[in-house]
Structure formats: C-alpha cells, structure tokens
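# Descriptive analysis of the structure
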Amino acid sequence: MSRSDTVLVSLMKRRFALSIDLDPLSCYRNIYALPQGLQTERENDPVYTKAIPRFCELCDSLGIKGTLFIVGESLDQPNSVQSASQAAEAGHELANHTHNHHYDLSKTAKEEQITLCSDAIEKACGIRPVGFRAPGYLLGSSLLPLLPAEGFRYDSSVLPSPAYQGLKASVLTLMRLLGRPSASILGDPREALVPSVPYRPHPHRPWRRGMSSLVELPISAPLGLPLTGGLLALGGRPLSKVLAARLASAEWVQLELHGVDLLDLVSDGLDPALGAERSLRIDWRKKMGLYRAFIEKVIEGREVPRLCDVKL
Ligand SMILES: [Zn+2]
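Residues numbered from 1 in each chain as written. Predicted model: local features only at pLDDT ≥ 70, side-chain atom pairs only at ≥ 80, totals over all residues. Heavy atoms only, no water.

Taken together, Asp 23 (OD), Asp 23 (OD), His 97 (NE2) and His 101 (NE2) make up the protein donors of the zinc ion, found 2.1 to 2.4 Å from the metal. Seen from the zinc ion, its four donor atoms lie at angles of 55 to 142°, and the figure they make is irregular. Between consecutive donors of the zinc ion, the numbers of intervening residues give the motif D-x73-H-x3-H. Of this pair, Asp 23 sits in the loop between β1 (15–22) and α2 (25–31) while His 101 is found in the loop between β3 (93–96) and α7 (105–108), placing the two residues 78 residues apart along the sequence. By the burial criterion, Asp 23 is buried, and His 101 matches it. (Donors = N, O, S within 2.8 Å, 3.2 Å for Na, K, Ca; no water. Tetrahedral: all angles 85-135°; square planar, octahedral: opposite > 155°, others 65-115°. Helix = DSSP H or I, 4+ residues; strand = E, 2+ residues; numbered from the N terminus. Buried < 20%, exposed > 50% of the residue type's maximum accessible area, 1.4 Å probe, protein only.)

This is how it looks when you write it as structure tokens:
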C-alpha cells in the first residue's frame, strides 16, 4: 500500500461487524435432505440453548457486541426464549431471520414470514427488530419493498460472492441427480454482484445502488470467498491469516457465523447424520479459538458496531 493509500484508509471510518444466523438444526436436515430429527432436538435445539451463550462468551472475550438473526418459530420453545432474552439483556441485537426460514422466500415474498418473526421476537424479548436477513443470501425483487412498512432500517442479506453461488449451483445439481433434492434454491446471479460496503439499494434490484429508505449491509467476501464461520473453521489458521491480511485496508468487514459454527457432533451429542454439515465435525472450542484469533486481528483500529448502529 502506498503512503497516500495508508493516509486515506486511516481517515475512513473502518468498521467490523459480527453477526450470527440462528438457523435451527431442522434447516440443515432440509438442506441435506435428511429425515427430520426427534421432538427433543426441536424442544432443546442446541443452536439456541448452547450456541447463543457461546456466541455471547466469544463477544465478551473480545469486548464487542454482535447481532443475532433469530428464526421466529424457534421462540416457541421456552429454552430458546431464555437464551435469546439473555443475549438481548447483555446488549446484543436481535434481528429478524424470518419465521420458518423458507429457502424460497425470495420467490414467494410472503410478508407474514417477516411479520410473524418480528411478533415472536417482540413477544419473547420485548424488542421489535429493525434488521432483516433473508434465508440463503437471496432477496429477489419483492422482499426489500416489504421491509420499511414493517419498521426495518436495514437489510443484511447480500453476499458479494459469485464463487459461493457457483459452488451452490454445483452442489444442488449433484443432489438432484442423486435423487436427494435440497430445500435450498438458486436466485438471480446478479445478487452475487453487489457492492462490498454498506449502501442504499434499489428496492426491486437489490444488487444495485438506489433510493430505498433501507441501508444494505453486505456480508464480506474477501478473495470472492464468503466470510463465514464455516470458511474459517474449514480453512483453519493459514486461511484465516490470509483473509485477515486481505481485509486489513477494507472499509467494511462483516463476519457471519451460524449457530452450528459454535457446536460440534461429539461434545454436543448431535445426530451423526448432521455431519453432512462439515464444520460440525470440528470441536467447537477449536472453532471458537479460530474465530477469536481472526476477529482480534481484524478489529484492530476499527469501530465494532452492532448492525443496527451502522449509519451510511
Ligand atoms: Zn439462515
């Protein structure tokens, strides 16, 4: 980096945000075409009862606050309500990840999926969310226009990673050929060609800048790779170091975890079939150590807002 670039970067407001999508284990069963689990898995879903406290512990150890994207139907269970409420009381943000996490929401645009989730969060924790994330990193042309009327100030669904969309297309095709069709879907490929910094989107073409009253807060994709807990877990320290170096001068960085990124099959006694999600095969303590080391490096010299605190 040249001296003038260094000065420019130091003058910019560089920010890092940490979010976690709390997709229940039933979502992974739908993605990998596995049979649904036992009732006890739903009543005591470790994504809520274990991963949320671990996420709070991770944030505490770094002195930061994060954003939790809640799937509304999970709050039917008292244990899940307790974990989510404790996270909110600790100062973390609760945001809307739809009521049932239907992977085709970008096509159906069912408004009730958004309203029901906000209602569930408000009923359980007394907070009406102002942030939204669609399932599967897909908005389509009809979801964004629904959000302002529901009181949302930002959306954080987009992932500027054509590589991810390409890999997803290959996997979905393979699963269909094997006779095990996934619940996951493909969207408009232009949705992978979005800005990598916060922007005001076009309501019907979210990949473009426009005049929406919402702010769009992309998940980061250094080197075109989705900056997710799964990537850091599977890539280990060598990849983490490369990505942290790559992001050193980035104006905006958002790391997206999922609940399963803070769980593992053995320690948490999960159904071995869920090992189809490869990061579940790695000890959660090891994964948490990787995330902590990565975040420690990336937050140097940065503000660390919750997503609801980000202004353009
Ligand atoms: Zn999700």
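What follows is about the pairing of β1. Burial of β1 is extensive: eight of the eight residues sit out of reach of the surface. Taking every second residue as pointing to the same face, both faces of β1 are buried, with Arg 15, Ala 17, Ser 19 and Asp 21 on one and Phe 16, Leu 18, Ile 20 and Leu 22 on the other. Alignment of β1 against strand β7 (residues 252–258), held across seven bridges, turns out to be parallel. Each residue of the ladder has a partner; that of Ile 20, found in β7, is Leu 257. Note that β1 and strand β2 (residues 67–70) share four bridges and pair parallel. Bridge pairing in β2 links Ile 20 to Leu 68. (Pairing = 2+ DSSP bridges.)

If you walk through the whole model with that rule in mind, you get one aromatic pair. The positively charged end of Arg 54 is found above the aromatic ring belonging to Trp 284, 3.8 Å away from the centroid. (Phe/Tyr/Trp six-rings, centres within 6.5 Å; stacked < 30°, edge-to-face > 60°. Lys NZ or Arg CZ within 6 Å of the ring centre and 35° of its normal.)

Opposite charge on two side chains lets them pair, provided their charged atoms get close. Taken as a whole, this structure holds eleven salt bridges when the rule is applied. Arg 128 is the salt-bridge partner of Asp 119, the closest N and O atoms lying 2.6 Å from each other. As a salt-bridge pair, Asp 309 and Arg 306 come within 3.0 Å of each other at their nearest N and O atoms. Note on Arg 306: relative accessible area 25%, which makes it partly exposed. A single network of salt bridges, built from pairs that share partners, joins Asp 21, Arg 133 and Glu 256. (Salt bridge = Lys/Arg side-chain N within 4 Å of Asp/Glu carboxyl O.)

This next bit is on the side chain of Asp 261. You can see Asp 261 is positioned in the loop between β7 and α11 (284–298). Lys 287 provides the closest opposite charge to the buried, unpaired Asp 261, separated from it by 5.4 Å. At 3.4 Å, the side chain of Asp 261 forms a polar contact with the side chain of Ser 279. In this structure Asp 261 touches Gly 229, Gly 230, Ser 279, Lys 287 and Tyr 291, once residues within four positions along its chain are discounted. (Lys, Arg positive; Asp, Glu negative; His and termini not counted. Polar contact = N/O pair within 3.5 Å; in protein donor to acceptor, adjacent residues only side chain to side chain. Contact = heavy atoms within 4.5 Å.)

This part covers α11. Think of an α-helix as 3.6 residues a turn; residues three or four steps apart then line up on the same face. With 15 residues, α11 extends 21 Å between its outermost C-alpha atoms, agreeing within 8% with the 21 Å of an ideal straight helix rising 1.5 Å per residue. Buried within α11 are the following residues: Trp 284, Lys 287, Met 288, Leu 290, Tyr 291, Phe 294, Ile 295 and Val 298. What you see down the axis of α11 is that its buried residues fit within an arc of 160°, all on one side. Opposite its buried face, α11 presents the exposed residues Lys 286 and Lys 297, each directed more than 90 degrees away. Packed against the buried residues of α11 are β1, α5 (51–62), α10 (229–246) and β7. Residue Asp 283 occupies the N-cap position of α11, its side-chain oxygen lying 2.7 Å from the main-chain nitrogen of Arg 285. (Expected span 1.5 Å × (residues − 1). Arc of directions from axis to C-beta.)

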